Protein chains: 2
Amino acid sequence: MNIINSISEMQHAADALRCEGKRIGVVPTMGYLHEGHLSLIRTAKKKSDVVVTTIFVNPAQFGPNEDLSRYPRDLDRDTRLAESAGTNILFVPNEKEMYPEGYHTYVNVEKVSEVLEGNFRPTHFRGVTTVVAKLFNITKPHVAVFGQKDAQQAAVVRQMVKDLNFDVEIIVAPIVREPDGLAMSSRNVYLSPDERKQALALSQSLDLARKRIATGEKKCEALIAEMREHITSHPSARIDYISIADATTLQELTALDHGTTALVSLAVRIGSTRLIDNALITI
Amino acid sequence: MNIINSISEMQHAADALRCEGKRIGVVPTMGYLHEGHLSLIRTAKKKSDVVVTTIFVNPAQFGPNEDLSRYPRDLDRDTRLAESAGTNILFVPNEKEMYPEGYHTYVNVEKVSEVLEGNFRPTHFRGVTTVVAKLFNITKPHVAVFGQKDAQQAAVVRQMVKDLNFDVEIIVAPIVREPDGLAMSSRNVYLSPDERKQALALSQSLDLARKRIATGEKKCEALIAEMREHITSHPSARIDYISIADATTLQELTALDHGTTALVSLAVRIGSTRLIDNALITI
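Residues numbered from 1 in each chain as written. Chains lettered and ligands numbered in written order. Predicted model: local features only at pLDDT ≥ 70, side-chain atom pairs only at ≥ 80, totals over all residues.

Asker: Can you walk me through the interface of chain A and chain B in this structure?
Answerer: Note: interface size is frequently given as the accessible area lost on complex formation between the parts. Contacts between the two partners involve 25 residues from chain A, matched on the other side by 25 residues from chain B. Of all the secondary-structure elements, those providing two or more residues to the side of chain A that touches chain B are α1 (7-19), β5 (105-109), α6 (124-139) and α7 (151-163) of chain A. Among the elements that line the side of chain A that touches chain B, the one with the most residues is β5 of chain A, at 5 residues. Residue composition of the side of chain A that touches chain B, by class: 12 nonpolar, 7 polar and 6 charged. Looking at chain direction, β5 of chain A and strand β5 (residues 105-109) of chain B are connected through 5 bridges and run antiparallel. When the sheet's bridge partners are listed, Val109 of chain A is paired in β5 of chain B with Thr105 of chain B. (Contact = placed C-beta atoms within 7 Å. Helix = DSSP H or I, 4+ residues; strand = E, 2+ residues; numbered from the N terminus. Nonpolar A, V, L, I, M, F, W, Y, C, P; charged D, E, K, R; others polar. Pairing = 2+ DSSP bridges.)

Below you can see the structure in the form of structure tokens.
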């Protein structure tokens, strides 16, 4: 595995690979890799000849009161894990090269970025789309793999790619969960042992919704009420939102008609740790 | 010369050329080509193996009360002229493919886009950078040529390219003028014979500034006052702005220190036609 830190070196490497006819797959991450990330790398490996994993804790996607400074980092461990999963090039740029003094350009996807997470984290997706546009121009991929865990991020990136004509195929890989159902996340390390147990409220509430839908519930309001009741029975849980929305536009649904693909998603703070989870359900 | 209308066809053609080791030069235009555009195409020809000229009257860069509907168009003439200047591929997309229903993504360059033209045309540069980002992703150029006539556009595009890491060399080619000094512009066709004469106020005022600077004037306020006086002596002229600014940041200067490169620029309405002109002056 080759480790590249310089933007221009990465661009030259990508040009050389493309000239050799190699298909480049990129997996953008913020590091502190877990099994979820590794599944993205393995998916990219199947879809391309050369996998570029990027590690960059992107300040532009953190709000002023969010966890940028304490976001977990472990580059040595990430390096081993990325290589073990099949990464060929690990691209680890530094912040000063990514956002030099006088940096002023942002990519903004309207509408789909404004709801759900965007409602609670107003500049988050602008930061995501900006850094993804940069990483695409730097790594020049044929295919890019994102995780379904960040469902809205995937929808926003898809919209950007379509609108700005990035010639990149977007693949969204399934959520990887702990054996007890907790969606894997770098932020799970923030949880105390007791919070770790209460964090199951998220995946359990999604299971509850799935079961109620399977047995015929069509009203989103009723489904959300049941999920809310389950979550609030956990003393450390504070709900930011529970949403049942169209999976592409992320516009809220009132009823689940036959043929709809719904994104059931939620954000819940467990103590001071904000967790998200979701399920894609086709009726 | 090959004429391409489809975005995906253009992307495949660009990929094929890149695989053959060909260097692609792009000249983005809104058509109604004049000698200024042709000079850009000739410059691109010198800097690349294959010149892609794009023609697209970009609605996103026109304000609601601007001249989008009456902007001059003549594709047959443009086709002949583009080919005569050395274009290899003429890319002419249609509006519905460039901005399909549900289009929601914009590239915004802050600061440098907010002054001068941006002050009078608040969404103009957002439209420019968005379409240029799209055209770069579609034509996949090694080099792109823009005109110094649109000096702020060149500065904004340079900032976008740097910030978003587009791997594209930006070349800015000099203004081409009519024999009497009027900067060439597709919008010059709007001028009546009398307005055509009064339109010389712009280039004459730049000549005036150049001479006064050469003979030692360093105060921007004094230079602007003299330019203003010259222009307002023309009855049909209405000044939007006269600016002497740092050529890169476009921040206004108060005095011209040795070593400074200043952009002297102005926008003047002659009757109902809004014209711009500028001069880059190194002290």
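Asker: Help me understand the packing of helix α6 (residues 124-139) of chain B against helix α7 (residues 151-163) of chain B, please; the structure alone is not making it clear to me.
Answerer: To describe two helices that pack against each other, one gives the angle between their axes and the distance between the axes. All names here are of chain B. Closest axis-to-axis distance for the α6/α7 pair is 10 Å, and the angle between their directions is 55 degrees. Taken as axis vectors, α6 and α7 run oblique relative to one another. Along this stretch, α6 crosses α7, giving a crossing that reads as right-handed. For the pair α6 and α7, the contacting residues are Phe125, Val128, Thr129, Val132 and Ala133 in the first and Gln153, Val156, Val157 and Met160 in the second. (Axes fitted to C-alpha atoms, helices over the stretch in contact; angles between N-to-C directions. Parallel < 35°, antiparallel > 145°, perpendicular 65-115°, else oblique. Left-handed = near helix turned anticlockwise from the far one by under 90°.)

Asker: Explain the sheet that holds strand β7 (residues 169-173) of chain A here, please?
Answerer: Note: strands within a sheet are paired through backbone hydrogen bonds, in either parallel or antiparallel orientation. All names here are of chain A. Taken together, 6 strands build an open sheet; the order of strands is β1-β4-β3-β2-β6-β7 and the sheet is parallel. Sheet topology places β1 (2-4) and β7 at the edges, where each strand pairs with a single neighbour. Neighbour-to-neighbour, the strand axes of the sheet open up by a mean angle of 25 degrees, direction not taken into account. In this structure, strand β2 (residues 24-29) lies alongside strand β6 (residues 143-147), joined through 2 bridges in parallel fashion. Following the sheet pairing, Val26 is matched in β6 by Ala144. Lying on the sheet, helix α2 (residues 35-47) is in contact with β2, β3 (50-55), β6 and β7; it crosses β6 at an angle near 155 degrees.

Asker: Just to check I follow, could you spell out the relation of the copies chain A and chain B for this structure?
Answerer: Both copies of the chain are placed relative to one another by a rotation about an axis and a shift along it. Of the transformation superimposing chain A on chain B, the axial component is 0.0 Å and the angular component is 180 degrees, with the fit at an RMSD of 0.0 Å. The transformation relating the two chain copies, once decomposed into turn and shift, fits a two-fold axis. Of every C-alpha in chain A, the one belonging to Val107 of chain A sits nearest the axis of rotation, 2.2 Å from it. (Least-squares fit on C-alpha atoms with pLDDT ≥ 70 in both.)

Asker: Would you mind going over the environment of Gln251 of chain B with me for this structure?
Answerer: All names here are of chain B. Relative to the helices and strands, Gln251 resides in the loop between β8 (237-246) and β9 (261-270). On the basis of neighbour counts, which here come to 11 C-beta atoms within 10 Å, the residue Gln251 falls in the exposed class. In this view, Gln251 contacts Ala245 and Asp246; residues no more than four positions away in its chain are not counted. (Buried ≥ 20, exposed ≤ 12 C-beta atoms within 10 Å, placed from the backbone.)

Asker: It is not clear to me how the packing of helix α9 (residues 200-214) of chain A against helix α10 (residues 220-232) of chain A should be interpreted in this structure. Could you clarify?
Answerer: Residue and element names in this part refer to chain A. Contact pair α9 / α10: the axes reach a minimum separation of 9 Å and the direction vectors enclose 150 degrees. Comparing their axes, α10 and α9 come out roughly antiparallel. Handedness of the α9/α10 crossing: right-handed. When α9 is examined against α10, the residues Ala201, Gln204, Ser205, Leu208, Ala209, Arg212 and Ile213 are found in contact with a partner set consisting of Leu223, Glu226, Met227, His230 and Ile231. When the residues that make up the contact of α9 with α10 are grouped by side-chain class, the tally is 7 nonpolar, 3 polar and 2 charged.

Asker: For this particular structure, what's the right way to read the sheet that holds strand β9 (residues 261-270) of chain A?
Answerer: Residues and elements named next belong to chain A. With antiparallel pairing, the 3 strands of this open sheet are ordered in space as β8-β9-β10. Each edge of the sheet is formed by a strand with only one pairing partner; in this case those strands are β8 (237-246) and β10 (273-282). Here the strands of the sheet are splayed against their neighbours by 15 degrees on average, with no regard to which way each runs. Judged from the 9 bridges that link them, β8 and β9 form a sheet pairing that is antiparallel. Looking across to β9, one finds that Asp246 is bridged to Ala262. Sheet strands touched by α10: β8 and β9. Its angle to β8, the strand with the most contacts, is close to 155 degrees.

Asker: Whenever I open this one, the domain arrangement of chain A confuses me. Can you help?
Answerer: All names here are of chain A. As far as domains go, chain A holds domain 1 (2-173) and domain 2 (186-282). With centres defined by C-alpha atoms, the gap from domain 1 to domain 2 works out at 26 Å. Taken together, the contact pairs 13 residues of domain 1 with 13 residues of domain 2. Within the residue set of the side of domain 1 that touches domain 2, elements represented by two or more residues are α5 (117-120) and α7. (Domains from an automatic or database assignment.)

Asker: So what exactly am I meant to see when it comes to the pairing of strand β6 (residues 143-147) of chain B here?
Answerer: Remember that side chains alternate between the two faces of the sheet whenever the strand is regular. Residue and element names in this part refer to chain B. A large share of β6 lies buried, amounting to 4 of its 5 residues. Sheet topology places β6 next to strand β7 (residues 169-173); 5 bridges connect them, and they run parallel. When the sheet's bridge partners are listed, Val143 is paired in β7 with Glu169. The handedness of the β6 to β7 crossover, carried by α7, is right-handed. (Right-handed = clockwise from strand over helix to strand, strands pointing away.)

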